[in-house]
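Structural description and commentary
Chain residues, written in single-letter form:
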Amino acid sequence: MIQQIIKYPTPPSVQYSTDVRVFNENIFSLIDDLKDTINANDLDGLAAFQIGSYYNIVLIKNQDGTFLELLNPRLISTNGKITTKETTAYFPNLSADVQRHDKISIVYQDRDGAQHSLQAEGALSVLIQRKIDYTFGSSFLHKLSKEEKKIFEKKLEFGSDVAISEVCPTTFKRDYLTKLSNILTIIIAAAFVVGLFMSDELRLSLWHAQLYLSYGVLVTNVVYFFYAQYEGRGYTSCTSCQIGNILGTTVISLTKLTLIMILSYFLVNPF
Amino acid sequence: MLVSGHTAATFAAKWLGSAHEVVVVTPNAKWNWIPSNIWVGVGQMKKEEVTFDLAPVYAKAGITYKQAKAVSLNPEGSASSNKPFVTVEFTEAGKAGTTENIEYDYIINATGPKLNFGATPGLGVGSELGEHTVSVCTADHAVHASHELEKCIEKMKKGERQKFLIGTGHGMCTCQGAAFEYIFNIEHELNRAGVRDMADIKWISNESFLGDFGVGGLHMKTMGYSVSSKIFAESLFTERGVDWIIGAHVNKVESGKAHYELLDGSMGEEEFNFSMLIPPFAGVGLKAFDKAGEDITATVFAPNGFMKVDANYAAGAYENWKASDWPSTYQNPTYSNMFACGIAFAPPHPISKPMSSPNGTPINPTPPRTGMPSGIIGKAVAHSICDRILKGENAPLHEASMANMGAACVASAGKGLFNGTAAAMTIYPVIPDFEKYPGTGRDTDYTFGEIGLAGHWIKHILHHLFIWKAKLKAGWTLIPE
């Protein structure tokens, strides 16, 4: 019978696997369910854990359509390292670069309880390791490097594997433009305060200076608005929040400028 | 009444008072707090800090102390007397080699194990440690280990790279925990000495997965999650840069090299400059004779030399194992006045899944029976005997089955007031009960673990607490096992 595969964000219905002790009809039926589920979902393998069973069983689909039944598998020895892009049914449509052992030797039991050993390398080795992880309550998330884990958590947040290849930075070059705009605005504001206590002649000079500076702020904000979007294209993982951020920053800056210039027009401008 | 076993003897003496005699037979002049041997083995404690003289303590408790080793049991007495007796051979200076027959009403066999170094060629001869490896099983072994470690550190300081191989020296070992503690204490000490970058450290054990610990692994609650001991152990080993070989039966040790067979049948060898390999345990080789002098050792003891108790020794295959197979009263089924506790009782079967290589070599941990469970068992057995003496022959026996018992374990991973670490774990029950707790056989609500500095402080406090208790100082009965 085809069983439902537990997928993220639903937590596994069992937290760990336990060894098969009694090899009976219940176990054979579970193995049949795993086969049906693998075929129905076009998968290359499945751990019983992934369909909510706590038995330590892994099924691998061979290229000829037959199945390798691994009951109570144990990873005994390893050799070499290999990094591949892995996918798993628990995280549908997502992938991550995972480092694993290139060659492995495992021991396992068949459905009659007889013990066997198996040597595997490359893709089969990676697949078996991934499935054995499940039998101990783990997933490839726990095998990722710190950096790769950050990226993968972003992928989980967006639910997409597409174009999420880096982490959104917290500082940009465009921040220099924002800083320049803020400095110019502060100078205009200071001129406004000083102008309140000056003679008409000096206030006229200050008003002219404020006007020129306000053009500078305006130009800086226009440059910022377009450059920021150009710079943002390089960080596709945070596009949505960038657009809002750029718009907000520009509007705030221009609002501040407008307010200061209106006040200056009436209180500093002598005409 | 004659007993062995410090916990059982001291409680029996307290409960029975001076109206009855409690005799302790032990070949050792000193008592050893074995868990702290790890710290002796890395030079962080002196032998004197983990041992003390038994004679004054037993004198204070009113216990008759004989520094001797038991050689044989005559549970039916002899042709001339119906009184059961034990034959002991003295080890104390001046009387060494002389023997004595000591009569008893009740006897507790708590001899601990024979360190069976001789089971692995090159690891040692009989119970004597060989020249190629070190051990932390006794305080003297640990002192020797610390000296060897110091030599390696000196070599590393001179630029000579060293390889450390720590683990189990046979496919049927127990006590993975001691080796686990030692490997991480070594790693910690090498860091402290500033030579960690000059060391390759490798773990070798008979576990079929890292984190089996001889109890079939465990799933512990930590920070709200259920984490497999495999993930826990692999994380720790990876974090501390320690490589591992598992499913290994070390079948030969040479100078600087260990040969092993893996569960998949393959053979391998590992070179080392320093190696601590735990030996397998066996019974101490006590013989038993009936009234006519016929050898009844096979009736009283299991083939591995441990004493038979009220366990189900006919449980058969792994799938038939039940929690109820494990003993609860530790009474010998043939002679009701004989009990065994701690390592000395014969377990019905392992706890970990039994496995063997395609060549037929059994490779799986044997069940641990040390630490907290052995203390609880010793106290329960002492209680049973005291009740039978004070309340009558039909007094019910006290029960302390490991299948109904939780245990706490604090495994040191480095000693230091501010940078020490230890893994603190609890497990309930020790023996999985698959009927009561389908799945892992354990209650994950009571099986949890954490690792950190607080664990180290607990470990260090326990060191002082248990030595205080063992010395029978004020309030010793209030300190739990």
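Above: the structure in question.
Residues numbered from 1 in each chain as written. Chains lettered and ligands numbered in written order. Predicted model: local features only at pLDDT ≥ 70, side-chain atom pairs only at ≥ 80, totals over all residues.

Section: the overall build of chain B
Helix and strand counts for chain B come out as 10 helices and 26 strands. Computed over its C-alpha atoms, the radius of gyration of chain B comes to 22 Å, within 12% of the 23 Å expected for a compact globule of 481 residues. Projected onto its principal axes, the C-alpha coordinates of chain B cover approximately 70 × 55 × 45 Å. Burial status across chain B gives 51% buried among its 481 residues. (Helix = DSSP H or I, 4+ residues; strand = E, 2+ residues; numbered from the N terminus. Rg over C-alpha atoms; globule rule 2.2 N^0.38 Å. Buried ≥ 20, exposed ≤ 12 C-beta atoms within 10 Å, placed from the backbone.)

A closer look at the interface of chain A and chain B
Contact residues are listed per partner, giving 18 residues for chain A and 22 residues for chain B. Taken together, the elements giving at least two residues each to the side of chain A that touches chain B come down to strand 3 (67–88), strand 4 (91–109) and strand 5 (115–121) of chain A. Among the elements that make up the side of chain A that touches chain B, the one with the highest residue count is strand 3 of chain A (3 residues). Broken down by class, the residue content of the side of chain A that touches chain B amounts to 6 nonpolar, 9 polar and 3 charged. (Contact = placed C-beta atoms within 7 Å. Nonpolar A, V, L, I, M, F, W, Y, C, P; charged D, E, K, R; others polar.)

A word on helix 3 (residues 146–158) of chain A
With 13 residues, helix 3 of chain A extends 19 Å from end C-alpha to end C-alpha; this agrees with the ideal 18 Å at 1.5 Å per step. Downstream of helix 3 of chain A by one or two residues, A:Gly159 has phi in the positive range, about 70°. (Expected span 1.5 Å × (residues − 1).)

Side note on the pairing of strand 3 of chain A
All names here are of chain A. Note: strand 2 (residues 57–61) against strand 3, 5 bridges, orientation antiparallel. Bridge pairing in strand 3 places isoleucine 60 opposite leucine 68. Counted between consecutive antiparallel strands, the loop separating strand 2 from strand 3 contains 5 residues, among which glycine 65 sits at a positive phi close to 90°. Alignment of strand 3 against strand 4, held across 14 bridges, turns out to be antiparallel. Along strand 4, the bridge assignment pairs isoleucine 82 with arginine 100. Turn length for the strand 3-strand 4 hairpin, with the two strands adjacent in sequence and antiparallel, is 2 residues. (Pairing = 2+ DSSP bridges.)

Considerations on the packing of helix 1 (residues 6–16) of chain B against helix 9 (residues 371–391) of chain B
Axes are the key here: two packed helices are described by the angle between their axes and the distance separating the axes. Residue and element names in this part refer to chain B. Viewed as axis vectors pointing N to C, helix 1 and helix 9 meet at an angle of 35°, and their least axial separation amounts to 8 Å. Between helix 1 and helix 9 lies a crossing whose hand is right-handed. On helix 9, the residues that touch Thr7, Ala8, Phe11, Ala12, Trp15 and Leu16 of helix 1 are Gly375, Gly378, Lys379, Val381, Ala382, Ile385, Cys386 and Ile389. In terms of residue class, the contact of helix 1 with helix 9 is made up of 10 nonpolar, 3 polar and 1 charged. (Axes fitted to C-alpha atoms, helices over the stretch in contact; angles between N-to-C directions. Left-handed = near helix turned anticlockwise from the far one by under 90°.)

Some remarks on the nonpolar core
If you look at the biggest cluster of nonpolar residues, it comprises 164 residues, and the most contacted ones within it are B:Cys341 and B:Val381. When residues of this core are assigned to their parent elements, the largest contribution, 8 residues, is made by helix 6 (residues 176–192) of chain B. (Core = buried A, V, L, I, M, F, W, Y, C linked by C-beta atoms within 7 Å.)

Considering the packing of helix 4 (residues 175–195) of chain A against helix 5 (residues 200–232) of chain A
Residues and elements named next belong to chain A. Relative to each other, helix 4 and helix 5 sit at 160°, their axes nearing to 9 Å. Classed by the angle they form, the pair helix 4 and helix 5 counts as roughly antiparallel. Where helix 4 crosses over helix 5, the two elements pack in a sense that is left-handed. Class assignment for the residues of the contact of helix 4 with helix 5 results in 14 nonpolar, 9 polar and 1 charged. (Parallel < 35°, antiparallel > 145°, perpendicular 65-115°, else oblique.)

Some points on the sheet that holds strand 25 (residues 422–427) of chain B
The strands making up a sheet are joined through hydrogen bonds of the backbone, oriented either antiparallel or parallel. All names here are of chain B. If you trace the 3 strands from one edge of the open sheet to the other, you get 24-25-26, paired in antiparallel fashion. Single-partner strands in this sheet number two, and they are strand 24 (407–412) and strand 26 (449–452). Adjacent strand axes in the sheet meet at a mean angle of 10° when their direction is disregarded. In this structure, strand 24 lies alongside strand 25, joined through 6 bridges in antiparallel fashion. Note on strand 25: the bridge partner recorded for alanine 411 is alanine 423. In the packing of helix 10 (residues 453–470) onto the sheet, the strands contacted are strand 24, strand 25 and strand 26, and the crossing angle to strand 25 comes to about 80°.

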